Amino acid sequence: MFGAIDVARVRLDLPLRCQCGHLRGIATDVSPSNGLRFVCYCKDCQAFVHFLERPDVLDPAGGTDIFQLPPGRVKVTAGADVLRCLRLSDSGVLRWYTECCRTPIANTAGPGFPIIGMIHSFMDHDADCRSRAEVLGPPLCRIHERSAVGRLPPDAPPPPSLRIFVRRASKMLGWWLHGLGRQSPFFDDRTNAPRSVPRVLTPSERAAL
Ligand SMILES: [Zn+2]
Ligand SMILES: [Zn+2]
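On a predicted model such as this, the values are computed, not experimentally measured, just so you know. (Residues numbered from 1 in each chain as written. Chains lettered and ligands numbered in written order. Predicted model: local features only at pLDDT ≥ 70, side-chain atom pairs only at ≥ 80, totals over all residues. Heavy atoms only, no water.)

**Things to note about the sheet that holds strand β2 (residues 24-27)**
Pairing within the open sheet is antiparallel, and its three strands lie in the order β1-β2-β5. Sheet topology places β1 (14-17) and β5 (74-78) at the edges, where each strand pairs with a single neighbour. Going across the sheet, the axis of each strand differs from the next one's by a mean of 25 degrees, ignoring polarity. Strand direction decides the pairing type here: β2 and β5, joined by four bridges, are antiparallel. Within β5, the position partnered with R24 by the bridge is A78. (Pairing = 2+ DSSP bridges. Helix = DSSP H or I, 4+ residues; strand = E, 2+ residues; numbered from the N terminus. Axes fitted to C-alpha atoms, helices over the stretch in contact; angles between N-to-C directions.)

Shown next as structure tokens:
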């Protein structure tokens, strides 16, 4: 005897899966109010996808659809052996993907940081039977649009507002206070080491992307 809203409340798990299905996982407590969805047009996000030879992940203007959530709400349930890590430079963020089918998974800072940016290509909306917009809500904003490679679609989300920065800061604090920066699928909880040794591109490798 659930109404529509009650059903939405009890189904907060989102299945995760690389393109070939070797790496699988689950994100828990996923809802529009439990994360931040945005589209990033920066050159580094585009370079990452070109490194993986997966241009299908980008929108026509070169944007990557990303949902920020805490690492403590992401579990890998199978196939962790294919997890790989890339840095575009010495100081760059850690970019995670699968070796098997070169699916972009997520971008992270170092261990303990309470936010990861999950890339849409790791979300299994087919198994979930709901659209991305239903699960995550629409993108709240776009960032780095100056690096877009084409005209933004007419329905592109707006540039970030102060309200979104405040919302992100408050989410980050809440997740950190709840210990959700720990138990990450990307870092060993005891040693803090990345679960796959990051490959760092040389400047010439980076320039070629
Ligand atoms: Zn795969
Ligand atoms: Zn980016």
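Next, the rest of the story.
**Observations regarding the nonpolar core**
Within the largest apolar cluster, 25 residues are counted, with the highest numbers of intra-cluster contacts made by L16, V30, L69, W96 and F186. Elements that contribute at least two residues to this core include exactly β1, β4 (64-69), β6 (83-87), β7 (94-98), β8 (104-108), β9 (116-119) and α4 (132-136). Apart from the residues lying within four places of it in its own chain, the contact partners of V30 are L12, L14, F67, L69, V135 and L136. Counting residues in hydrophobic clusters, the runner-up holds 23 residues, among them C40, L88, C141 and W175. (Core = buried A, V, L, I, M, F, W, Y, C linked by side-chain atoms within 4.5 Å. Buried < 20%, exposed > 50% of the residue type's maximum accessible area, 1.4 Å probe, protein only. Contact = heavy atoms within 4.5 Å.)

**So, the pairing of β8**
The element β8 is extensively covered by neighbouring structure, given that five of its five residues are classed as buried. Where β7 folds back on β8, the antiparallel hairpin that results is connected by five residues, among which R102 adopts a positive phi of roughly 55 degrees. For β8 and β9, the ladder comprises three bridges, and the chain directions are antiparallel. Looking across to β9, one finds that A106 is bridged to M118.

**Regarding the coordination of the zinc ion (ligand 1)**
Coordination of the zinc ion (ligand 1) by the protein involves C18 (SG), C20 (SG), C100 (SG) and C101 (SG), with metal-donor separations of 2.3 to 2.4 Å. Around the zinc ion (ligand 1) sit four donor atoms; with metal-centred angles ranging over 104 to 117 degrees, the donor geometry is tetrahedral. In this structure C18 comes out as buried when scored by relative accessible area, which is 1%. (Donors = N, O, S within 2.8 Å, 3.2 Å for Na, K, Ca; no water. Tetrahedral: all angles 85-135°; square planar, octahedral: opposite > 155°, others 65-115°.)

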